[in-house]
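Here is how the chains run, residue by residue.
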Amino acid sequence: MRSLEMMVGLNKIIYLVLVNIFIVFLGIGLVIPVLPTLMREMHLEGSTMGYLVAAFAFTQLLVSPFAGKWVDLFGRKKMIVIGMLLFGLSEILFGLGQDVVVLYVSRMLGGISAAFIMPAVTAFVADITSLKERPKAMGYVAAAISTGFIIGPGIGGFLAEFGTRLPFFFAGALGFLGSLFSLLLLKEPERPEIEQKEEDKKVAKSGLRKVLEPIYLIPMIIILVSSFGLAAFETVYSLFVDHKFAFTPKDIALIISVSGILGVVAQVLSFDRIVGKIGEIRLIQICMGVSGVFIFAMIKVSAYWSILLVTFVIFLMFDLIRPALTTYLSKIAGNEQGFVGGLNSTFTSVGNIIGPGIAGILFDVNVDYPYVLAMFILALSFVISLFWKERTN
């Protein structure tokens, strides 16, 4: 059993990592309320906004397999520092961009940064936690992400009053500070030695063979299909409420912030308990089923408070799915945390490429169509998840 002193030290390290991931998603959240305004100022179509998100995800897809290996080869800290620096550059470039080509370049840089940061952070947390501690730690990671989204839109909506581009510059500054913060304060974790079975060592020689194992194949398919649906929902959310309900940037910031606050409270207080009682797989199944139903409700509601309620439930389900998948994968990854984190990022990226592009095209046809698509995709994910079984040793 670890001593109290070791646990206190462990918590400090986790908090340092959480600050970094918080900064990234704070920066992402900052720009959400201004996207509809930017769309009108630059005379962009919904499909273009979807393609910008897809460009981010496509680049993340290309880089993730290499980044996952680099996380194991060069270390978690280096990848986090570089990723935060690239994130800052991408946001500054987006703020300066007056041509759509510059915006695409910016999103591609952002995709590289995400490919570096996410597997490095999850591997870092896995290295410094035991299997018993990990669900709570991954819940904290998800809470840090959600908190960034909570505070980000509020700050972004406020900054947008002084200029549409100001939130991007603010996000870029946060990225540079996060990179410096990581460089000075983070220490590379000691990786625990994990004994592998002989057959696991043989499979590890081939990434393709590992992916095709049932233990990886089913969760990776679920990550692919569900990320498609989630990306389709999230990409057009601000555009949807802007066009359908005439929400202002402040309205969008408020509704996302309130939903996020409630979601973080639920994550911090209950995620590890829920996982302990029903397991990651059952939690993911429930969340996908509930989110599909409430996305359908999103099409039907019209009152402000009903929109707030539906948004809260959907965001909460999404916020529970992500750490549940990450926790499950970290448990089965052995000493290849970076590699498996890269797989997670890769399959997520594929869904994030296809989902936003199709959602943007459908949005130009009818504002409801992206959510009809997301509803059916999440229903498909739920059906696939029924064939997913826990690992047996």
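If you check an unreviewed UniProt entry, the protein appears there as MFS transporter from Psychrobacillus vulpis. In the Sequence similarities (unreviewed entry) part of its UniProt record, the protein is described as follows: "Belongs to the major facilitator superfamily. TCR/Tet family."

J.: Please clarify how the overall build of the protein should be interpreted in this entry.
T.: Helix and strand counts for the protein stand at 15 helices and zero strands. Counting every position in the protein, which comprises 393 residues, the buried fraction comes to 57%. By sequence separation, contacts in the protein at least 24 residues apart represent 86% of the contacts at least 6 residues apart. Carbon and sulfur atoms form 70% of the exposed surface of the protein, whose accessible area is close to 17,000 Å².

J.: Is there a simple way to think about the packing of helix 3 (residues 46-74) against helix 4 (residues 76-96) in this case?
T.: Each pair of packed helices gets described by two things: the angle between the helix axes and the distance between those axes. Direction vectors running N to C along helix 3 and helix 4 enclose 130 degrees, while the axes themselves pass 6 Å from each other. By the criterion of interaxial angle, the relationship of helix 3 to helix 4 is oblique. The segment helix 3 lies against helix 4, with Ala 67, Trp 70, Val 71, Asp 72 and Phe 74 engaging Arg 76, Lys 78 and Met 79. By residue class, the composition of the contact of helix 3 with helix 4 is five nonpolar, no polar and three charged.

J.: Got a minute to help me understand the side chain of Thr 122 in this structure?
T.: One can find Thr 122 in helix 5 (residues 100-127). A relative accessible area of 15% means that Thr 122 is categorised as buried. A polar contact of 3.1 Å, which involves the side chain of Thr 122, links it to the backbone oxygen of Pro 119. Among all residues touching Thr 122, those that are not within four sequence positions of it are Met 138 and Thr 326.

J.: How should I be thinking about the pattern of salt bridges in this particular structure?
T.: Opposite charge on two side chains lets them pair, provided their charged atoms get close. Counting across every chain of the model gives five salt bridges. Note that Arg 76 is salt-bridged to Asp 72, the shortest N-O span being 3.0 Å. Take Arg 76: its relative accessible area is 1%, and that puts it in the buried class. We note a salt bridge from Glu 91 to Arg 107, for which the minimum N-O separation is 3.3 Å. Residue Glu 91 is located in helix 4, and its partner Arg 107 is located in helix 5; the two are separated by 16 residues in the primary sequence. Taken individually, Glu 91 and Arg 107 each receive the classification buried, so the pair is uniform in this respect. Connected via shared salt-bridge partners are Asp 72, Arg 76 and Asp 127.

J.: It is not clear to me how the environment of Glu 280 should be interpreted in this structure. Could you clarify?
T.: For Glu 280, the location among the structural elements is in helix 12 (residues 249-300). In this structure Glu 280 comes out as buried when scored by relative accessible area, which is 4%. Sequence separation of Glu 280 and Thr 326 is 46 residues, and the distance between their C-alpha atoms is 9.3 Å. Setting aside chain neighbours within four positions, we find Glu 280 in contact with Val 275, Ala 324, Thr 327, Tyr 328 and Lys 331.

J.: How do you make sense of the packing of aromatic side chains when you look at a structure like this?
T.: To describe a pair of aromatic rings, one takes the distance between the centres and the angle between the planes. Following the criterion strictly, the structure yields four aromatic pairs and no others. Ring pairing ties together the aromatic residues Phe 66, Trp 70 and Phe 116, which thus form one cluster.

J.: So what exactly am I meant to see when it comes to the packing of helix 4 against helix 7 (residues 166-185) here?
T.: Following both chains from N to C, one finds helix 4 and helix 7 inclined at 165 degrees, their axes separated by 7 Å at the closest point. Classified by the angle between their axes, helix 4 and helix 7 sit roughly antiparallel to one another. Our pair here, helix 4 against helix 7, has a crossing hand that is left-handed. Split by residue class, the contact of helix 4 with helix 7 holds 15 nonpolar, seven polar and two charged.

J.: Honestly, the nonpolar core in this entry has me stumped. Any pointers?
T.: Buried together is how nonpolar side chains tend to be arranged in soluble globular proteins. Counting 39 residues, the largest nonpolar core has Phe 233, Tyr 237, Ile 295, Met 298 and Tyr 371 as its most contacted members. Elements supplying a minimum of two residues to this core: helix 2 (35-41), helix 3, helix 10 (214-235), helix 11 (237-245), helix 12, helix 13 (304-332), helix 14 (337-365) and helix 15 (369-385). Split by domain, the residues of this core number at least three in each of domain 1 (11-187) and domain 2 (207-392). Among the nonpolar cores identified, the runner-up in size contains 35 residues, and Leu 30, Leu 86, Phe 87 and Ala 144 belong to it.

J.: Would you mind showing me how to read the confidence of the model for the protein here?
T.: Close reading of the predicted structure is inappropriate where its pLDDT is low. Confidence along the protein averages 77 in pLDDT terms, with 82% of residues attaining 70 or more. Within the protein, helix 8 (residues 198-204) has the poorest average pLDDT of any element, 43, and helix 4 the best, 91. In the predicted structure, residues 1-9 sits below a pLDDT of 50 and forms seven contacts with residues beyond four places in sequence or in another chain. Within the model, pLDDT remains below 50 along residues 194-206, and this stretch shows 12 contacts once partners closer than five positions in the same chain are excluded.

J.: Would you take a moment to explain the environment of Leu 283 for this structure?
T.: Along the chain, Leu 283 turns up in helix 12. Taking relative accessible area as the criterion, Leu 283 reaches 4% and is therefore assigned buried. Spatially, the C-alpha atoms of Leu 283 and Leu 325 are 9.5 Å apart, while their sequence positions differ by 42 residues. Apart from residues lying up to four places away in sequence, Leu 283 is in contact with Phe 271, Ile 274, Val 275, Ile 278, Leu 320 and Ala 324.

J.: What's the story with a nonpolar patch on the surface in this structure? I'm lost.
T.: On the surface, a cluster of nonpolar side chains totalling about 440 Å² of accessible area is made up of Phe 66, Trp 70, Leu 73 and Phe 74. In this fold, Phe 66 is placed in helix 3.

J.: Sorry if this is basic, but what is going on with the environment of Leu 166 here?
T.: For Leu 166, the location among the structural elements is in helix 7. Residues Leu 166 and Leu 96 lie 70 residues apart in sequence; the distance between their C-alpha atoms is 9.8 Å.

Calculation rules
Residues numbered from 1 in each chain as written. Predicted model: local features only at pLDDT ≥ 70, side-chain atom pairs only at ≥ 80, totals over all residues. Heavy atoms only, no water. UniProt positions renumbered as here; feature names shortened; annotations may be inferred. Helix = DSSP H or I, 4+ residues; strand = E, 2+ residues; numbered from the N terminus. Buried < 20%, exposed > 50% of the residue type's maximum accessible area, 1.4 Å probe, protein only. Contact = heavy atoms within 4.5 Å. Areas by Shrake-Rupley, 256 points an atom, 1.4 Å probe, with all protein chains shown as cover. Axes fitted to C-alpha atoms, helices over the stretch in contact; angles between N-to-C directions. Parallel < 35°, antiparallel > 145°, perpendicular 65-115°, else oblique. Nonpolar A, V, L, I, M, F, W, Y, C, P; charged D, E, K, R; others polar. Polar contact = N/O pair within 3.5 Å; in protein donor to acceptor, adjacent residues only side chain to side chain. Salt bridge = Lys/Arg side-chain N within 4 Å of Asp/Glu carboxyl O. Phe/Tyr/Trp six-rings, centres within 6.5 Å; stacked < 30°, edge-to-face > 60°. Left-handed = near helix turned anticlockwise from the far one by under 90°. Core = buried A, V, L, I, M, F, W, Y, C linked by side-chain atoms within 4.5 Å. Domains from an automatic or database assignment. pLDDT = per-residue confidence, 0-100. Patch = residues over 30% accessible without salt bridge, like charges linked within 9 Å, V, L, I, M, F, W, Y side chains within 5 Å.

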